[in-house]
Amino acid sequence: MSSRRRRGSSWLQLATTAVLVVAAVVVAVIAVSDLSGSRAQTVGKAVVAPSRRSLEAKKKPLKHRAAHPEFVRNATPQPGWRKYTGPVPILVYHALGPPPPGAPFPLLYVSYGNFKAEMAWLDQNGYQAVTLDEVLNAWYHGGTLPAKPIVITFDNGYPEQVRFAPHVLAKYGWPGVLDEITENHLPPSYIWPVIRRGWEVDSHSLTHPDLVTATPAELWAQVHDSRVYLQKTFHIPVNMFCYPSSEYDTAVINAVKRAGYTAAVTEGHAYAFRTEPYLLPRFEIEGGVSQLAADLSYYKPAHYGW
């Protein structure tokens, strides 16, 4: 073979070898890239999946998402509840905690320990707290309630009612009902957290006067303006009115109806019935578990619960 042919053959072999080397490198790079991508995808699925779900959830309209993720369980009707139009007991609490020295009405204070014990007793005996709105819906609109429904209300609007009580009730998945005096009591920043839990907030008038002795203009302002304030501030229905000091007469009841309320509460030793929506009695609890148990047992109608 001539030297020219030998040189051409050598160059051909070198070129072929170079091509094979480059091809091998390209294949290796692709393989490593695929492997890395596969691992990245695997890790991505394990690590970023929650954030991806969150991103997808953000793209959905609000009405398709849980509008109130902080809601306690019984703030909305639950599976297993049934239609019920029978009587329901309603409790009322005022101040929680120890009475300060010189408190004019020390009996209105329920200690933290007593309140926790009373809620535990209710739970152990099968009661389930719901809002008054849920009761009204069951009474008049075919809604459902648990087997032993009960409503737990708090009058006036004191800090511990929205700071301490919600944590106790949330242990059992229960909402409460706050009857708020709308002038010079709780600021909105104190009330928003319980609304987000599913609590009901209703009117207890502007300033807690004796409505029976009020002028017609004063009566209307106390009943109507307090409702409008709560509706505009918190975007809630405010269907229930709480008579200050349980004082009322025909004029007061008529003003409550004209202002758009569908029910009103007072105090009394009796279960509430659907036949008297503007005179719903409530048990005022001041004597601990023994009083609570005695009231609910002694005054219980034969057809309470299902």
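Residues numbered from 1 in each chain as written. Predicted model: local features only at pLDDT ≥ 70, side-chain atom pairs only at ≥ 80, totals over all residues. Heavy atoms only, no water.

1. Concerning the overall build of the protein
Okay, so step 1: When its secondary structure is counted, the protein shows nine helices and 12 strands.
Okay, so step 2: Buried residues in the protein amount to 41% of all 306 residues.
Okay, so step 3: Counted over contacts in the protein with a minimum sequence separation of 6, partners at least 24 positions apart contribute 67%.
Okay, so step 4: Accessible surface, the protein as shown: approximately 16,400 Å² in total, 58% of it carbon and sulfur. (Helix = DSSP H or I, 4+ residues; strand = E, 2+ residues; numbered from the N terminus. Buried < 20%, exposed > 50% of the residue type's maximum accessible area, 1.4 Å probe, protein only. Contact = heavy atoms within 4.5 Å. Areas by Shrake-Rupley, 256 points an atom, 1.4 Å probe, with all protein chains shown as cover.)

2. Quick look at the pattern of salt bridges
Okay, so step 1: Under the definition given, this model contains two salt bridges.
Okay, so step 2: Several salt bridges converge on common partners, so that one network encompasses D155, D179 and R282. (Salt bridge = Lys/Arg side-chain N within 4 Å of Asp/Glu carboxyl O.)

3. Describing the confidence of the model for the protein
Okay, so step 1: In this model, the protein carries an average pLDDT of 84, and 78% of its residues clear a pLDDT of 70 or more.
Okay, so step 2: Here residues 1-12 is a poorly scored stretch, pLDDT under 50, and it has one contact once near neighbours within four places are set aside; other chains count.
Okay, so step 3: Contacts from residues 14-66, a stretch scored under 50 in pLDDT, to residues over four places away or in other chains number four contacts. (pLDDT = per-residue confidence, 0-100.)

4. Describing unusual backbone geometry
Okay, so step 1: With a phi close to 90°, N156 is a non-glycine residue in the positive phi region.
Okay, so step 2: The residue N156 is located in strand β7 (residues 149-156) in this model.
Okay, so step 3: Residues other than glycine seldom take positive phi values, yet S245 does so here, at roughly 55°.
Okay, so step 4: Position of S245 among the secondary structure elements: in the loop between β10 (240-242) and α8 (250-258).

5. Here's the deal with the packing of helix α6 (residues 188-196) against helix α7 (residues 216-234)
Okay, so step 1: It is the contact of α6 with α7, at a shortest axis distance of 11 Å, that shows an interaxial angle of 70°. The angle between the axes of α6 and α7 places the two elements in the roughly perpendicular class. Taking contact as the criterion, the partners of P188, I191, W192 and I195 in α6 are, on α7, Y229, T233 and F234.
Okay, so step 2: Grouping the constituent residues of the contact of α6 with α7 by class yields six nonpolar, one polar and no charged. (Axes fitted to C-alpha atoms, helices over the stretch in contact; angles between N-to-C directions. Parallel < 35°, antiparallel > 145°, perpendicular 65-115°, else oblique. Nonpolar A, V, L, I, M, F, W, Y, C, P; charged D, E, K, R; others polar.)

6. Quick word on the side chain of H204
Okay, so step 1: Summarising the element assignment, H204 is placed in the loop between β9 (200-203) and α7.
Okay, so step 2: If sequence neighbours within four positions are ignored, H204 has contacts with D155, N156, D179, E180, I181, F241, C242, Y243 and P244.

7. What about helix α3 (residues 132-141)?
Residues spaced three or four apart along an α-helix point in a common direction, a consequence of the helix completing one turn every 3.6 residues.
Okay, so step 1: Every buried residue of α3 is accounted for by L132, E134, V135, L136, A138 and W139.
Okay, so step 2: G142, located one to two residues past α3, shows a positive phi value of around 75°.

8. Some details on the environment of W220
Okay, so step 1: Mapped onto the elements of the fold, W220 is located in helix α7.
Okay, so step 2: In this structure the C-alpha to C-alpha distance between W220 and A255, which are 35 residues apart in sequence, comes to 6.5 Å.
Okay, so step 3: Setting aside chain neighbours within four positions, we find W220 in contact with D225, A255, R258 and A259.

9. Points about the packing of aromatic side chains
Okay, so step 1: In this structure the tally under the stated criterion is 18 aromatic pairs.
Okay, so step 2: Between W121 and Y127, the ring centres sit 6.0 Å apart and the planes meet at 25°, which makes this aromatic pair stacked.
Okay, so step 3: Judged by relative accessible area, W121 falls into the buried class, the value being 19%.
Okay, so step 4: Of the residues examined, Y127 reaches a relative accessible area of 6% and is grouped as buried.
Okay, so step 5: Ring geometry for W139 versus Y140: centroids 6.1 Å apart, planes at 80°, classification edge-to-face. (Phe/Tyr/Trp six-rings, centres within 6.5 Å; stacked < 30°, edge-to-face > 60°.)

10. Description of the packing of α7 against α8
Okay, so step 1: Two numbers describe how α7 lies on α8: the axes approach to 9 Å, and their chain directions differ by 45°. On the basis of the axis angle, α7 is oblique to α8. As α7 packs across α8, the resulting crossing turns out to be right-handed. Of α8, the residues touching α7 (which contributes L219, W220 and V223) are A251, V252, A255, V256 and R258. (Left-handed = near helix turned anticlockwise from the far one by under 90°.)

11. A word on α6
Okay, so step 1: Of all the residues in α6, the buried ones are I191, V194 and I195. Taken down its axis, α6 places every buried residue within 105° of arc, on the same side.
Okay, so step 2: Buried-residue contacts for α6 involve α4 (159-163), α5 (165-170), β8 (177-180), β9 and α7.
Okay, so step 3: Looking one or two residues past α6, G198 carries a phi angle of roughly 100°, positive in sign. (Arc of directions from axis to C-beta.)

12. Notes on the environment of E200
Okay, so step 1: Turning to its location among the elements, E200 is positioned in strand β9.
Okay, so step 2: Taking C-alpha positions, E200 is 9.4 Å from N239, a pair spaced 39 residues apart along the chain.
Okay, so step 3: Of the polar contacts made by the side chain of E200, one reaches the backbone nitrogen of D133; its length is 2.8 Å. (Polar contact = N/O pair within 3.5 Å; in protein donor to acceptor, adjacent residues only side chain to side chain.)

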